[in-house]
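# Results of the structural survey
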Amino acid sequence: MSILVYIENVEGALKKSAFESLSYGKAVGDLTGEKVTALSIGNVSQEELNKVGQYGVEKVIEVNSSDLGQFVNQAYASVIAEVAKSIDAQTVILSNSFSGKGLAPRIAAKLGAALADGAISLPTISGSIWQIQKSVFSNKAIATEELQEQKKVIALTPNSLEATESAVPVAIEKYEPQVAAADLSTVIKDIVRATDKVSLPEADIVVSAGRGLKGPENWAMVEELADVLGAATACSKPVSDAGWRPHAEHVGQTGLAVTPNLYIAIGISGAIQHLAGVSASKTIVVINKDPEAPFFKVADYGIVGDAFEVVPQLIEALKAY
Ligand code: FAD
């Protein structure tokens, strides 16, 4: 019996969430005594695949078929389930990323496995029954889910656990899957914009701004702060609705849910719909001129002040640091 960890890549580079999944898989393997195998789908270099060894995983199964060059939910789920069966994996671990959210239930259905999507903790194991925590109700509560099936699929919330390193040598094994034509009927095309900016879903630090910034012409200081911190930029819904920022930056209930280690909110009131997508961030810093702004209730650190005075000073202080 073993554990299979599906490692996502973007344009051939393994994602940060892939390393978190590997590290989580290794920790689960240490609890159950099972071996951990990584699975990569797509064109990923050997040098990149060797990185799994940095997270204590000794074997990678590489699927690099021309049919699977593009992400196809149904086909990827079939391949992951097929590989899991071939190595007798009782547990499949992946990231609860945008694609992971589509894959996890499909893999679970194919394997007849119990599913924990959005896991934020290691399992507490009692025989074949595992208990795992997940955030629910827009991160307002933590639920403990009991997985009673022998087989389990766990989709780990990005940034919920740190990837811990422990170097081992890696063996890479190629695998040719049987891809059914029907599984390739829907192709989701990834449009990766060539940009040197940090990707928002993967970001460790997010600098986000709202209507308090008055207009798109004032975003230069937000971008500068993000550059200084190596952060991604985000915004509230009205900001993207008004066309001040691209929709891809909209976070919240109807936008992207993010879980960075640091979320800096500038001129955002902290409406419940905004908090739904950001409140699981590890540390929240709020800059708002209104001391009664609801965001301060969930902030770890708050600065009551005018963003146009505070942010430039913050940038200068960080540059001097
Ligand atoms: P405002 O509410 O206008 O707040 C601006 C803030 O900036 C205020 O707190 C103000 O004190 C502060 N400010 C003003 N000037 C300054 C200054 N110079 N310096 C510092 N602070 C200043 N919203 C989302 O963000 N994401 C969602 O996914 C989302 N989904 C929604 C879904 C539904 C069904 C509905 C009904 C609403 C949704 N909303 C969402 C909208 C949400 O309810 C709020 O209206 C929105 O989040 C407010 O955006 P804001 O904080 O940028 O603007």
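Preceding this section is the structure that the text describes.
The following refers to the structure shown. Predicted, not measured: the structure shown is a model, and the values here were computed from it.

### Some words on the environment of Gln148
- Structurally, Gln148 can be placed in the loop between strand E10 (141–147) and strand E11 (152–156).
- In sequence terms Gln148 and Trp244 are 96 residues apart; their C-alpha atoms lie 48 Å from each other.
- Among all residues touching Gln148, those that are not within four sequence positions of it are Ala114, Ser128 and Ile129.
- Among the polar contacts listed, one links the side chain of Gln148 to the side chain of Glu146, at a separation of 2.9 Å.

### With respect to the sheet that holds strand E13 (residues 205–209)
- Taking strand neighbours across the sheet as the criterion, the five strands line up as E14-E13-E15-E16-E17 in an open arrangement whose pairing is parallel. Looking along the sheet, the strands with just one partner apiece sit at the ends: strand E14 (232–235) and strand E17 (301–304). On average, each strand axis in the sheet is tilted by 15 degrees relative to the strand beside it, whichever way the strands run.
- Bridging between strand E15 (residues 262–266) and strand E16 (residues 283–288) involves five bridges; their strand directions are parallel. Pairing of Ile264 across the sheet is with Val285, part of E16.
- Where helix H5 (residues 220–229) meets the sheet, its contacts fall on E13, E14 and E15, and the angle it forms with E13 comes to roughly 175 degrees.
- Packing against the sheet, helix H8 (residues 307–320) makes contact with E15, E16 and E17, and its axis sits at approximately 130 degrees to E16.

### Quick word on the site of the ligand
- Taken together, 26 residues form the shell around the ligand, and within it Ser236, Thr254, Ser269, Gln273 and Asn288 come nearest.
- A distance of 3.0 Å separates an oxygen atom of the ligand from a polar backbone atom of Gly267.
- Contact between the ligand and Asp306: a nitrogen atom at 3.1 Å from a side-chain N or O atom of the residue.
- Relative to its unbound accessible surface of 990 Å², the ligand loses 76% to contact with the protein.
- When each cavity is represented as a set of grid points, the ligand is found to reside in the second largest pocket.
- Elements with a minimum of two residues in the shell around the ligand: helix H6 (237–241), helix H7 (272–275) and H8.
- Looking at side-chain class alone, the shell around the ligand contains six nonpolar, 14 polar and six charged residues.

### Considering the packing of helix H3 (residues 73–86) against helix H4 (residues 98–111)
- Where H3 contacts H4, the two axes come as close as 9 Å, and the packing angle between them is 50 degrees. Taken together, the axes of H3 and H4 lie oblique to each other. Here H3 runs over H4; the crossing is right-handed. Residues Asn73, Gln74, Tyr76, Ala77, Ser78, Ile80, Ala81, Ala84 and Lys85 of H3 touch H4, and the partners they reach there are Ser99, Gly102, Leu103, Arg106, Ile107, Lys110 and Leu111.

### Details of the pattern of salt bridges
- Inspection of the entire model under this criterion finds 14 salt bridges.
- Among the salt bridges present, the one from Glu8 reaches Lys15, with a minimum N-O distance of 2.9 Å. There is no split in this pair, since Glu8 and Lys15 are both buried.
- Close ionic contact of Glu58 with Lys35 constitutes a salt bridge, the shortest N to O distance being 3.5 Å. Of this pair, Glu58 sits in the loop between helix H2 (46–49) and strand E5 (59–63) while Lys35 sits in strand E4 (residues 35–41), placing them 23 residues apart in sequence.
- Because the salt bridges share partners, they merge into one network encompassing Lys16, Glu20 and Asp204.

### Some words on the packing of aromatic side chains
- Counting across every chain of the model gives four aromatic pairs.
- Between the aromatic rings of Phe19 and Tyr55, the centroid separation amounts to 4.9 Å while the plane-to-plane angle is 20 degrees, which identifies the pairing as stacked. Taken together, the positions of Phe19 in helix H1 (residues 16–32) and Tyr55 in the loop between H2 and E5 put the pair 36 residues apart, joining distant regions of the chain. Assigned by exposure class, Phe19 and Tyr55 land together as buried.
- Ring centres 4.9 Å apart and planes at 75 degrees place the aromatic pair Phe71 and Tyr76 in the edge-to-face group. Taken individually, Phe71 and Tyr76 each receive the classification buried, so the pair is uniform in this respect.

Here is what the cut-offs are and how they apply
- Residues numbered from 1 in each chain as written.
- Predicted model: local features only at pLDDT ≥ 70, side-chain atom pairs only at ≥ 80, totals over all residues.
- Heavy atoms only, no water.
- Helix = DSSP H or I, 4+ residues; strand = E, 2+ residues; numbered from the N terminus.
- Contact = heavy atoms within 4.5 Å.
- Polar contact = N/O pair within 3.5 Å; in protein donor to acceptor, adjacent residues only side chain to side chain.
- Pairing = 2+ DSSP bridges.
- Axes fitted to C-alpha atoms, helices over the stretch in contact; angles between N-to-C directions.
- Near = heavy atom within 4 Å.
- Areas by Shrake-Rupley, 256 points an atom, 1.4 Å probe, with all protein chains shown as cover.
- 1 Å grid on protein atoms, 1.4 Å probe; cavity = no way out; pocket = protein on both sides within 12 Å on 5 of 7 lines; lining within 4 Å.
- Sits in = over half its atoms within 2 Å of the grid points.
- Nonpolar A, V, L, I, M, F, W, Y, C, P; charged D, E, K, R; others polar.
- Parallel < 35°, antiparallel > 145°, perpendicular 65-115°, else oblique.
- Left-handed = near helix turned anticlockwise from the far one by under 90°.
- Salt bridge = Lys/Arg side-chain N within 4 Å of Asp/Glu carboxyl O.
- Buried < 20%, exposed > 50% of the residue type's maximum accessible area, 1.4 Å probe, protein only.
- Phe/Tyr/Trp six-rings, centres within 6.5 Å; stacked < 30°, edge-to-face > 60°.

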